[in-house]
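The primary structure of each chain is shown beneath.
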Amino acid sequence: MVGVVASGSVSSIKALWETRIRRVKEDQEEEKKRRTSPGLAAGRSDSSVGCLYWLGLKQNSCRVSVGAWEDRAILARLKEKLKTEDGRLILCIEQEEWKTLPGCLVQFSQVQEWQIHRTGLQKIPNFISSFQSLLVLDLSRNGVSEIPKQIGKLTRLKELLLSYNRLQVVPEELGHCESLERLELAMNRDLSELPDQFKNLNKLQHLDLSMNDFASMPECVVDLPALEWLDMGGNRLQHLPDDIHRMEKLHTLWLQRNQLEKLPDNVSRMASLDTLVLSSNRLRDIPPLMEGMSNLRFVNFRDNPLTLDVTLPVGKTKAEDDEDEEEEDREMFGREFMQMYIQEARKRAYAILNVHCSNR
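One numbering rule holds for all chains: residues counted from 1, following each sequence as written. Where totals are concerned, whole chains, interfaces and linings use all residues; where local detail is concerned, this predicted model gives features only for residues with pLDDT of at least 70, and gives and counts side-chain atom pairs only at 80 or more. To get the side-chain values, take all heavy atoms of the structure and skip hydrogens and water.

Our focus in this paragraph is the environment of Gln205. What counts as a helix is a DSSP run of H or I of at least four residues, what counts as a strand is a run of E of at least two, and both are numbered from the N terminus. On the secondary structure map, Gln205 appears in the loop between strand 6 (182-184) and strand 7 (206-208). Remark: exposure states derive from per-residue accessible area (1.4 Å probe, protein chains only) relative to the maximum for the residue type, with buried under 20%, exposed over 50%, and partly exposed in between. Under the relative-accessibility criterion, Gln205 is labelled partly exposed at 34%. In this structure the C-alpha to C-alpha distance between Gln205 and Leu224, which are 19 residues apart in sequence, comes to 8.5 Å. Not counting the four nearest positions on each side in its chain, Gln205 is found in contact with Glu181, Ala226, Leu227, Glu228 and Trp229. Residue contacts are counted whenever heavy atoms from the two residues lie within 4.5 Å of one another.

Okay, the packing of aromatic side chains next. Pairing of aromatic side chains requires ring centres within 6.5 Å, counting the rings of Phe and Tyr and the six-membered ring of Trp. Pairs whose planes differ by under 30 degrees are stacked, by over 60 edge-to-face, and all others tilted. In the structure shown here, the tally under the stated rule is two aromatic pairs. With 5.0 Å between their ring centres and 80 degrees between their planes, Trp114 and Phe131 make a pair best called edge-to-face. Placement of Trp114 in strand 3 (residues 113-117) and of Phe131 in the loop between strand 3 and strand 4 (136-138) is noted, with a sequence separation of 17 residues between them. Grouping residues by exposure puts Trp114 and Phe131 together as buried. Taking NZ or CZ as reference, Arg141 lies 4.0 Å from the ring centre of Tyr164, over its face. Ring-over charges, as used throughout, are those where CZ of Arg or NZ of Lys falls within 6 Å of the ring centre and within 35 degrees of the ring normal.

Before going further, it helps to examine the pattern of salt bridges. Any Lys or Arg side-chain nitrogen located within 4 Å of an Asp or Glu carboxyl oxygen qualifies as a salt bridge. In total, this model carries eleven salt bridges according to the counting rule given. Measuring nitrogen to oxygen at the nearest pair gives 3.4 Å for the salt bridge that ties Arg77 to Glu96. Linking Arg77 in helix 4 (residues 46-79) with Glu96 in the loop between strand 2 (88-94) and strand 3, this pair joins segments that are 19 residues apart in sequence. A relative accessible area of 21% places Glu96 in the partly exposed class. Salt-bridge contacts for Arg297 lead to Asp274; the nearest nitrogen and oxygen are separated by 3.8 Å. Taken together, the positions of Arg297 in the loop between strand 10 (275-277) and strand 11 (298-300) and Asp274 in the loop between strand 9 (252-254) and strand 10 put the pair 23 residues apart, joining distant regions of the chain. Relative accessible area serves as the criterion here: at 51%, Arg297 is assigned to the exposed category. Judged by its relative accessible area of 18%, Asp274 falls in the buried class. It is possible to trace a salt-bridge network through shared partners that takes in Arg77, Lys81 and Glu96.

Within the secondary structure layout, Met270 lies in the loop between strand 9 and strand 10. For Met270, a relative accessible area of 3% corresponds to the buried category. Each C-alpha atom, one on Met270 and one on Lys249, is 8.3 Å from the other, the two residues being 21 residues apart in sequence. Not counting residues up to four positions away in its chain, the partners in contact with Met270 are Ile244, His245, Met247, Leu250 and Met293.

Judged by pairing direction, the sheet is mixed, and its eleven strands sit side by side in the order 1-2-3-4-5-6-7-8-9-10-11 without closing on themselves. With partners counted over all chains shown, the strands left at the sheet margins are strand 1 (82-85) and strand 11, one partner each. Strand-to-strand twist of the sheet, defined as the mean angle between neighbouring strand axes without regard to direction, takes the value 10 degrees. By the convention used here, strands pair only if DSSP detects at least 2 bridges between them. Both strand 6 and strand 7 contribute to a ladder of three bridges, which runs parallel. Residue Leu183 lies in a different strand from strand 7, and its bridge partner there is Leu207. Fitted lines through C-alpha atoms give the axes, limited to the stretch in contact for helices. The angle between two N-to-C directions lies from 0 to 180 degrees.

Attention now goes to the pairing of strand 3. Strand 3 sits mainly inside the fold: five of its five residues count as buried. Residues Glu113, Gln115 and His117 point to one face of strand 3 and Trp114 and Ile116 to the other, with burial holding for every one of them. Note: strand 2 against strand 3, five bridges, orientation parallel. From the neighbouring strand, Ile93 faces strand 3, where its bridge partner is Ile116. Judged from the three bridges that link them, strand 3 and strand 4 form a sheet pairing that is parallel. Looking at strand 4, one finds that Gln115 is bridged to Asp138.

In summary, soluble globular proteins display a tendency toward joint burial of nonpolar side chains. Throughout this description, the term nonpolar core refers to a set of buried Ala, Val, Leu, Ile, Met, Phe, Trp, Tyr and Cys residues connected via side-chain atoms within 4.5 Å. Core analysis: the biggest nonpolar cluster contains 79 residues, and Trp114, Phe198, Val221, Met290 and Phe301 have the highest contact counts within it. Breaking this core down by element, the ones donating at least two residues are helix 4, strand 2, strand 3, helix 5 (219-222) and helix 7 (335-359). With four residues, helix 7 is the largest single contributor of residues to this core. When residues no more than four places from it in sequence are discounted, the contact partners of Trp114 are Leu91, Leu101, Leu105, Pro125, Ile128, Phe131, Leu134, Val136, Leu137, Asp138 and Leu139.

Values of pLDDT, ranging from 0 to 100, describe the predictor's confidence in every residue of the model. When pLDDT is averaged along the protein, the result is 83, and 73% of the positions lie at 70 or above. Considering only residues more than four positions removed or in separate chains, one finds that residues 37-55, a stretch of pLDDT under 50, has nine contacts. A low-confidence stretch, residues 57-66 stays under pLDDT 50, and its non-local contacts, those more than four residues away or across chains, total 13 contacts.

Following this line, the structure appears as structure tokens:
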């Protein structure tokens, strides 16, 4: 027996213990039948009671032993997933099946970053609060359906990446992650709202809510004081908040593939905005006040049913080989198109006004 234990693998040891437990259970069942037999039940002695007690202890001991072996094997496996980069201890698991994370993982509570991708993970464990040194929690491309309330205990967490999961609700406790700077919740499909406490994330700079089910931009997002980058493309947005200009530090706004029919005039008051993507919406016009957005370097109105048919003039190129590339850049850029559209809309408005005045 000693030789088998010493040379066997973890799986063979586990099988051995399971066999022993099964035998104990069989012995227990046999003893139970014997005790319920009419001829023996009445004559049961104290020694038989003691024997049953011993069998129970033996069974519990076997269970504990099996659990200990499993924990050791799992910890050894997890230890192989640890690496150090730039002085940061990282737990990295890629394309392995881990639908749940074992409780023994808390023995690595000094880990500063989780990178767990494509493992089928279904839930963030409640013991996540034990990882007080955690700076980055990256669980993208799994099957996570719930964020535990304990997430709010991670006051040092700077990045939370949960894109391509199955989240439907964001807990209000997330608003307690006071150090959070980057949050990615893209492609969760059924996610449609955020808690009011979300506005307490005073250091949040980067927010990705793309490819979800938002019908409007949450007010708590507009209230984020440090937000610089926002992606809400691929949702069901039908309008933007009139006070969108309160997002004073926002420099990049992605709103492609929504259902927007018009833009609020106050979008022209977003002084820091330099990138605005509005392709594949239902826009009919461009607000004239956007002509004065001098900081806007990139804007895209492609694939919108705009009222006016405006075509950019063919640009001159230094070399014939560069012509196609330059035209593509001008089309992608979009700012020149926006300016020309606004000017053309103004000309037509004046022409209609003059005709109206002449008829009077």
